[in-house]
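Now for the letters of each chain:
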Amino acid sequence: MTMTIKLARVDNRLLHGQIATVWTKTVQPNRILVVSDAVAQDQLRKVLITQAAPAEAKANVITLAKMAQIYQDARFDGFQPIILTETLAEMAALAAQGVDLTTTGVNVGNLAYTAGKVMLTPSVAADANDVAAAKQLEAAGVEVYAQTVPTDRKQAFLKLAAKKGLS
């Protein structure tokens, strides 16, 4: 047995109010795992993230390697986490390391606009690297969809990208 992932979300803001309130109430995790090598090395960001967690779901910041390790460890079978990464590439790396995202899919909630990216939705900007990571996930049987909040309809990420000329 392995942990039951409640939501796998790509959001460059990581843990913020929308996650702590709306998503947590909807999917009811008992843990929030922020998976980022960069954030795991940044003490200030780690403290801020763990303090932003709602009372019902403790937050931890861990590396990608640690996530792959604990996913396979029976001691963590009771975890029912929301998994948060900053990028699609990080989520694709988790899938490649054996974290099964096929049952939940990957929710792309927010990817900020930076130079070279194209807006797919009002809150999701993507480039060729994002599309490549999404294709890697889809090839592994993982649905990749854009959805800001639970009441929004899911939109297929790669279809949105194709409409904007990214493919």
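In case you missed it, the structure is sitting above this.
Residues numbered from 1 in each chain as written. Predicted model: local features only at pLDDT ≥ 70, side-chain atom pairs only at ≥ 80, totals over all residues. Heavy atoms only, no water.

Novice: Looking at this structure, I do not really get the packing of aromatic side chains. What am I missing?
Specialist: The final tally for this structure, using the stated rule, is 1 aromatic pair. With a centroid separation of 5.2 Å and an interplanar angle of 85°, the aromatic rings of Phe 76 and Phe 79 are classed as edge-to-face. Its relative accessible area of 15% is what places Phe 79 among the buried residues. Lys 154 extends its terminal NZ or CZ atom over the ring of Tyr 145, reaching a point 4.4 Å from the ring centre. (Phe/Tyr/Trp six-rings, centres within 6.5 Å; stacked < 30°, edge-to-face > 60°. Buried < 20%, exposed > 50% of the residue type's maximum accessible area, 1.4 Å probe, protein only. Lys NZ or Arg CZ within 6 Å of the ring centre and 35° of its normal.)

Novice: What is the right way to read the pairing of strand β1 (residues 7-11) from this model?
Specialist: Look at any regular strand and the pattern is simple: side chains alternate between the two faces of the sheet. Burial analysis of β1 places 5 of its 5 residues in the buried class, which makes it a mostly covered element. Here β1 shows two buried faces, one formed by Leu 7, Arg 9 and Asp 11 and the other by Ala 8 and Val 10. Where β1 meets strand β5 (residues 106-110), 3 bridges bridge the pair, whose relative direction is parallel. The residue of β5 that forms the bridge with Arg 9 is Asn 107. (Helix = DSSP H or I, 4+ residues; strand = E, 2+ residues; numbered from the N terminus. Pairing = 2+ DSSP bridges.)

Novice: How do you make sense of the pairing of strand β2 (residues 31-35) when you look at a structure like this?
Specialist: Counting buried positions along β2 gives 5 out of 5 residues, so the element sits mostly inside the fold. Sheet topology places β2 next to strand β3 (residues 58-62); 5 bridges connect them, and they run parallel. Directly across from Ile 32, in β3, lies its bridge partner Ala 59. Note that β2 and strand β4 (residues 81-85) share 4 bridges and pair parallel. When the sheet's bridge partners are listed, Ile 32 is paired in β4 with Ile 82.

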